[in-house]
Amino acid sequence: MAERGAGDRGGFGRGFGRGRGDRGRGDRGRGGRRGGGQRDEEEKWVPVTKLGRLVKEGKITSLEQIYLHSLPVKEHQIVDTLLGNRLKDEVMKIMPVQKQTRAGQRTRFKAFVVVGDSDGHVGLGVKCAKEVATAIRGAIILAKLSVVPVRRGYWGNKIGKPHTVPCKVTGKCGSVTVRLVPAPRGAGIVAARVPKKVLQFAGIEDVYTSSRGSTKTLGNFVKVSFSLIINFYIFIEIRVIVDFAFCILHLIHFVSLQATFDCLMKTYGFLTPDLWLDTRFSRSPFQEYTDLLAKPTKAILIENTERIEA
Amino acid sequence: MDSDTNDVLPLQELSLDEAITEVELEESYEEDEEDELEEYVTLGTIEKPKHPKFLLRHLFPSKTGGTPAWLDPVELPTGKFSRCDFCEEPLQFLLQIYAPIPEKESTFHRMLYVFICPSMSCLLQDQHEQWKRREEDPRRSIKVFRCQLPRLNAFYSSEPPRKDGNDKPLSVGAALCSWCGTWKGEKVCSGCKQARYCCEKHQAMHWKSGHKNRCHHIIHNLESISSSLPGEKLSRDKVACSSLWPEYEIAIEDECAYDAEASEDASYEASSLVTQHVTDDTYQFLLDKFEADDNKRSWASFQERISKCPSQVLRYSRDLMANPLWPLSIGRPTMTNIPKCKYCNGSLCYEFQIMPQILYYLGVKNDSDSLDWGTIVIYTCLASCEASARYKEEFIWVQLYPTTPIS
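What counts and what doesn't
Residues numbered from 1 in each chain as written. Chains lettered and ligands numbered in written order. Predicted model: local features only at pLDDT ≥ 70, side-chain atom pairs only at ≥ 80, totals over all residues. Heavy atoms only, no water. UniProt positions renumbered as here; feature names shortened; annotations may be inferred. Helix = DSSP H or I, 4+ residues; strand = E, 2+ residues; numbered from the N terminus. Buried < 20%, exposed > 50% of the residue type's maximum accessible area, 1.4 Å probe, protein only. Contact = heavy atoms within 4.5 Å. Areas by Shrake-Rupley, 256 points an atom, 1.4 Å probe, with all protein chains shown as cover. Pairing = 2+ DSSP bridges. Axes fitted to C-alpha atoms, helices over the stretch in contact; angles between N-to-C directions. Core = buried A, V, L, I, M, F, W, Y, C linked by side-chain atoms within 4.5 Å. Polar contact = N/O pair within 3.5 Å; in protein donor to acceptor, adjacent residues only side chain to side chain. Patch = residues over 30% accessible without salt bridge, like charges linked within 9 Å, V, L, I, M, F, W, Y side chains within 5 Å. Salt bridge = Lys/Arg side-chain N within 4 Å of Asp/Glu carboxyl O.

- Looking at an unreviewed UniProt entry, chain A carries the name Small ribosomal subunit protein uS5, with the source organism given as Zingiber officinale.
- Per its UniProt entry, chain A bears the Sequence similarities (unreviewed entry) comment "Belongs to the universal ribosomal protein uS5 family."

Here it is in C-alpha cells:
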C-alpha cells in the first residue's frame, strides 16, 4: 500500500510483485526498519507447531508432560521456555572433517555439544558446518531438541534426596561397555575422567563405574552412559531424575561419551519394583484443552448484533 | 563433487599448530550447504491495520482474517466453490494477497484468495484427495481463487487511490451474507427483506443469535440500514459471526533485507582440537541418533531459514526456478501430482506459500480438532490466463505434520 510502485503503475501499490525486476532494490521499504540483520536474540518466538503454541500460551508448564505422552519436540524454544536459564550448554569437541575435492580438501567442523540442567535433563547434539561458530550454534539447538530425563535412586535407606543410580545398569556402544553401580552416600563419583564429568552434570552424587572395551573410543563410552539413563525412564516414574548435564569440556574420549549417554538414557527404562503399580493414563495436552474450550458458551451474541444492525 | 565412501579413502593426518589431529573423512555426502542460488523471496508479515477502512477493496489490500475484500464485487464464487467438499459448510476466509503481474495488461490488478474449512477433520480428508491424479476432480476443503482485472475496468478508477479517506470504488457490489460477510448473500430473510444470507445454516445462526429480535424492528420501524438499495455495505461494520479470524494486514518485506548478519567469528582456536583415534560404527550410531535423517534435515534447514524473520506468515516467489520451503521431506508433491490449469490447460507454477506462524496470530485454538499445518503451497497458472469465470480456481497443496511422531 505504500507508494513505491514502478513508474508504469503510477500510485498503485506494488503488491507481491515478481521478484526478478526488483532484485537490485533489495532492502528498501519496511525491510530497512529492521536494520541490517538486527536480529536480537530475544526476538519474539513465533511458534510453528501446535505443541509450540501450547507452550507459548503457558498451558504446558514442564517437560515431563511432554515426556509423558512422547510428543516430539521440534522447536528448541520449547525447551528454552520450559527449562529456562537452568539449562547450561557446553561444547564437548570440535572436530575437523575433511572431504576430498578436485581442488584439495574441504574442511568443515563438527561440533558436539551437550546441554543440561543439573536436575535430570540432558541432551546431546552434533552439527557440522563450515564455520565453527555456526556448528556450535546448530549443535546447541539440536542438543536442546534431544533432551531426555534421567532417573536417580538410592543405595540403601530412602532418606533424603536420591543420590545415585537406582540399580546396576549397563550400556554398550560398539566395544565399550559402561556399568554404573549404585554407591552409598559419600562415595563420590568413582569413574574415569570422561564419565565423571557427565555424571557430575547429571547430578548423580555417588556411583561406581566400571568400563570395558576400547574406552579411548570416546563416542562409545558416551553412548553407553546415555543409553543406560534412558533405559531407566521408559516407565513413568519421574520421582527420581538424574542430573544429566553431559557437559564435558575436555572430551578426549568422545566415544565413551556416547556410552555414558546410552547408560543414562536407560535409567528410566529399567523396571524396578516401585514401578510395578499400573499407570494411570492421563490425557495428552492436545486433548486436555479440548474439554476446557468445548464448554458451551451461551448465546451472549445478542448484544453484539444490536450494534451490527445500526 | 564426488561423494566419499567408507572404504575408499583412508584417514588423513593434518597438523594444526601444536596438536596433531587425525581428521575424519566424511563418510556420507551431506546435503549441499552451498545453496548459493539465493532465490528472491518476498515475505509477508502480520501488521495491525492503521484503520479498518484501509482494508476495503478499492485500496487493493493484502490482508488476513475478517472478511475478504473482493476484487470483482459482482461475480463472486458461489455454490460448490464456496463450500467445503466434505462437510458442505461454507469456507472461511483465510487470507488474500495483491499480486499483480506488471508485464501483462490483463493482470494489472490481480488478487489471490485462500479459503479454508476450519475443521481439521476435513483437512485430513483433504490430504488424501490432493494426492489423486488430475483426471479425477478432487474434493478439497481448502480453495484458492485468482481474480484479475486490467487497469481500465468497470469497478475501479484508473487513477491510483489517494488514500485520504475519500476513495470510493466506481460501483456498488453485490450484497454479502449478513452472518459471515464472506460469500454472496443470495437468499433474503423473508421477514425483514433486508438481511441476506449465503446459505441456510448462516440464516439459522443469525436468527438464533439476535436477528430474531431485530427482524421485527426492521420491518416496522424501517430502521436505516446504511444503504437502502440491496448492495454491499461499504463501511466495515462487524459482521454478525464472531468466529471469524481477527483481521490483519499483510506487510510486504524482502527476505534479503534480513540476510546481512555479522559474520561468524571463527576465532575458535584450532589448537584446542584434540587427538582423535580410530572411529568406528559407533560413531555412526551417534550421528544417526543425534544428527539427521531426511526429515530432520529438512526441518533444520526450514528452521534456519525462517529464523531470519520468525514472524513471517507468507513466502512469495513467482519464479520458474523457485522452490517452496518445505518443513518436512515427506508429503512433498512430485511433478505428476501438480495438475494443469483447469481453464487454459497450461502448466502451473509455484507462487506462494502460507507458513504455520499464521495460526499463532489468528489465535487458532490448540485442541485436537483445530487447524494445524506444516505449510500450504499455492500453484497458479503460469500464464495467468483469462477465462470466463471471474474467480478462477487454482491448485493448492497442503503439507501436514505427521500425526504419529517420526522417531
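## Considerations on the overall build of chain A
Here comes step 1: What chain A contains, in helices and strands, is nine helices and eight strands.
Here comes step 2: Looking at chain A as a whole, 52% of its 310 residues are labelled buried.
Here comes step 3: Residue pairs in contact within chain A that sit at least 24 positions apart in sequence constitute 70% of those at least 6 positions apart.
Here comes step 4: Of the roughly 14000 Å² that chain A leaves accessible, carbon and sulfur atoms contribute 54%.

## With respect to the sheet that holds strand β7 (residues 142-149) of chain B
Residue and element names in this part refer to chain B.
Here comes step 1: With respect to topology, 10 strands assemble into a closed barrel ordered β3-β10-β4-β5-β6-β7-β14-β13-β12-β11, the strand pairing being antiparallel.
Here comes step 2: The pairing of strand β5 (residues 92-98) with strand β6 (residues 109-116) spans six bridges and is antiparallel. Following the sheet pairing, Y98 is matched in β6 by M111.
Here comes step 3: Most of the contacts of helix α1 (residues 120-130) go to strand β14 (residues 392-399), to which it runs at about 105°, and overall it touches β6, β7 and β14.

## Section: the nonpolar core
All names here are of chain B.
Here comes step 1: Ranked by internal contacts, the top residues of the largest apolar core, which has 37 residues, are W70, L71, Y113, F115, W183 and Y391.
Here comes step 2: Looking at this core, the elements that each hand over two or more residues are β5, β6, β7 and α2 (200-221).
Here comes step 3: The residues contacting Y391, other than those within four sequence positions of it, are W70, L71, D72, E75, L76, P77, Y113, F145, R146, C147 and Y343.
Here comes step 4: Core analysis: the next-biggest nonpolar cluster, separate from the first, contains 35 residues, A99, L314, I354 and I396 among them.

## Focus on the environment of D85(B)
All names here are of chain B.
Here comes step 1: With respect to the secondary-structure elements, D85 resides in the loop between β4 (63-64) and β5.
Here comes step 2: Between the C-alpha atoms of D85 and P138, which are 53 residues apart in sequence, the distance is 9.0 Å.
Here comes step 3: If we skip the residues at most four places from it in the chain, D85 touches K80, P138, R139, R140 and K143.
Here comes step 4: A polar contact is formed between the side chain of D85 and the backbone nitrogen of R140, at a distance of 2.8 Å.

## Side note on the UniProt feature "domain: S5 DRBM" (unreviewed entry) in chain A
Here comes step 1: Taking the numbering used here, the UniProt-annotated feature "domain: S5 DRBM" (unreviewed entry) corresponds to residues 87-150 of chain A.
Here comes step 2: With 22% helix and 61% strand, residues 87-150 of chain A has end C-alpha atoms that lie 15 Å from one another.

## Observations regarding the sheet that holds strand β6 (residues 176-182) of chain A
Through backbone hydrogen bonds, the strands of a sheet pair up, either in parallel or in antiparallel fashion.
All names here are of chain A.
Here comes step 1: A sheet is described by the order of its strands in space; here four strands give the open sequence β5-β6-β8-β7, paired in mixed fashion. With one partner strand each, in any of the chains shown, β5 (169-173) and β7 (189-190) form the two edges of the open sheet.
Here comes step 2: Direction of pairing for β5 relative to β6: antiparallel, over a ladder of five bridges. The partner of G171 across the bridge, within β6, is V178.

## Topic: the pairing of strand β11 (residues 312-316) of chain B
All names here are of chain B.
Here comes step 1: Summarising burial for β11: five of the five residues are buried, a large majority.
Here comes step 2: Note: strand β3 (residues 42-47) against β11, four bridges, orientation antiparallel. Counted as the bridge partner of L43 is R315 from β11.
Here comes step 3: The pairing of β11 with strand β12 (residues 348-354) spans three bridges and is antiparallel. Looking at the pairing, Y316 lines up with F352 of β12.

## Focus on a nonpolar patch on the surface
All names here are of chain B.
Here comes step 1: Together, L320, M321 and L382 make up an exposed nonpolar region whose accessible area comes to about 340 Å².
Here comes step 2: Here L382 is to be found in the loop between β13 (375-381) and β14.
Here comes step 3: Residue L382 is classed as partly exposed on the basis of its relative accessible area, which comes to 34%.

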